[in-house]
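# Residue-level structure breakdown
These are the residues of each chain, in order.
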Amino acid sequence: MLIALYIRDLAGIRNATPALYDTPQTPLLSPLNPPVKPRAADEISRAEFAELCQEWHQWWRRIVTRYDLDGSPAESESPEPGLLGQPHFSAYSSSPSLQRLIRAHYGAATDWAHERRREYNSLSREHVAAGRRQVVESLVEERSMETGPTSEITLNMIELPLAERRAWLVGERTVILSQELVHDERLLRSYLEPMIRFIG
């Protein structure tokens, strides 16, 4: 997901006709933080850019579907096994504009993603020590008590370095939230409570 969002911001895809792509199935996530400058936007023609937007959104839907089906993949499996097809990125042969962009910027994208993972590992330990994740556990517990002991709530939560402090329901049971959101217990609860009710 980090690499996909890096490519999105690098090419300026997020700013392109947002109304077409902000749907309940794939809501428009805020920009990354730290920001990725849209340097690749100048490399792409207008026709290729329209094609790239469509190809990227198809890729993003495949990623979200995978999380919905399998949950969060193990760290050793990242990034997106079978979706890259290195070294020629043959998995993208049906998405030529996206394939060219990934080939040109894969090194920078992976370096950026590894740095964000290192930051997240440190942040995650901080959240656990401060007991910030208990809000999520209590919300799931409250919902389970309402629906009865036989019901099971499966929730995939993915924390990402996003600029806006909020959460997005991106699939049937997958929630993406800004890493900073857990610092605000009241705001975290206000976003997650209706999502957990919808999922469970």
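What comes next is a walk through the structure. No experiment lies behind these values; they were computed from the predicted model shown.

Tallying secondary structure elements over the protein gives six helices and three strands in all. Helices (α) and strands (β) of the protein occur, in sequence order from the N terminus, as α-α-α-α-α-β-β-β-α. Put simply, the protein has 200 residues, and 45% of those count as buried. Contacts in the protein between residues far apart in sequence, at least 24 positions, make up 65% of those at least 6 positions apart. Here the protein displays about 10700 Å² of accessible surface, and carbon together with sulfur accounts for 50% of that area.

A sheet is described by the order of its strands in space; here three strands give the open sequence β1-β3-β2, paired in mixed fashion. With partners counted over all chains shown, the strands left at the sheet margins are β1 (156-160) and β2 (167-169), one partner each. Each neighbouring strand pair of the sheet contributes to a mean axis angle of 20°, computed without reference to strand direction. Sheet topology places β1 next to strand β3 (residues 174-178); five bridges connect them, and they run parallel.

Following the criterion strictly, the structure yields four aromatic pairs and no others. Relative to Trp112, the ring of Tyr6 has its centre 5.6 Å away and its plane inclined at 50°; by these criteria the two rings are tilted. You can see Tyr6 sitting in helix α1 (residues 2-11) and its partner Trp112 sitting in helix α4 (residues 96-130), a full 106 residues away along the chain. Assigned by exposure class, Tyr6 and Trp112 land together as buried. For the pair Trp56 and Trp60, a centre-to-centre distance of 5.5 Å together with 10° between the ring planes defines the contact as stacked. In this pair, Trp56 and Trp60 both sit in helix α3 (residues 46-70), four residues apart, roughly one turn of the helix.

For the rest of this paragraph, the subject is the nonpolar core. Ranked by internal contacts, the top residues of the largest apolar core, which has 39 residues, are Met1, Ile7, Trp56, Trp59, Trp60 and Ile176. Elements that contribute at least two residues to this core include exactly α1, α3, α4 and β1. Excluding residues that lie within four positions of it along the chain, Trp56 makes contacts with Ala4, Leu5, Ile7, Arg8, Ile13 and Leu98.

The final tally for this structure, using the stated rule, is eight salt bridges. In this structure, the salt-bridge partner of Arg100 is Glu48, at a minimum N-O distance of 2.6 Å. Note that Arg100 is positioned in helix α4 and Glu48 in helix α3, a separation of 52 residues in sequence. Within the structure, one salt-bridge network assembled from shared partners comprises Arg143, Glu146 and Arg197.

Rules behind the numbers
Residues numbered from 1 in each chain as written. Predicted model: local features only at pLDDT ≥ 70, side-chain atom pairs only at ≥ 80, totals over all residues. Heavy atoms only, no water. Helix = DSSP H or I, 4+ residues; strand = E, 2+ residues; numbered from the N terminus. Buried < 20%, exposed > 50% of the residue type's maximum accessible area, 1.4 Å probe, protein only. Contact = heavy atoms within 4.5 Å. Areas by Shrake-Rupley, 256 points an atom, 1.4 Å probe, with all protein chains shown as cover. Pairing = 2+ DSSP bridges. Axes fitted to C-alpha atoms, helices over the stretch in contact; angles between N-to-C directions. Phe/Tyr/Trp six-rings, centres within 6.5 Å; stacked < 30°, edge-to-face > 60°. Core = buried A, V, L, I, M, F, W, Y, C linked by side-chain atoms within 4.5 Å. Salt bridge = Lys/Arg side-chain N within 4 Å of Asp/Glu carboxyl O.

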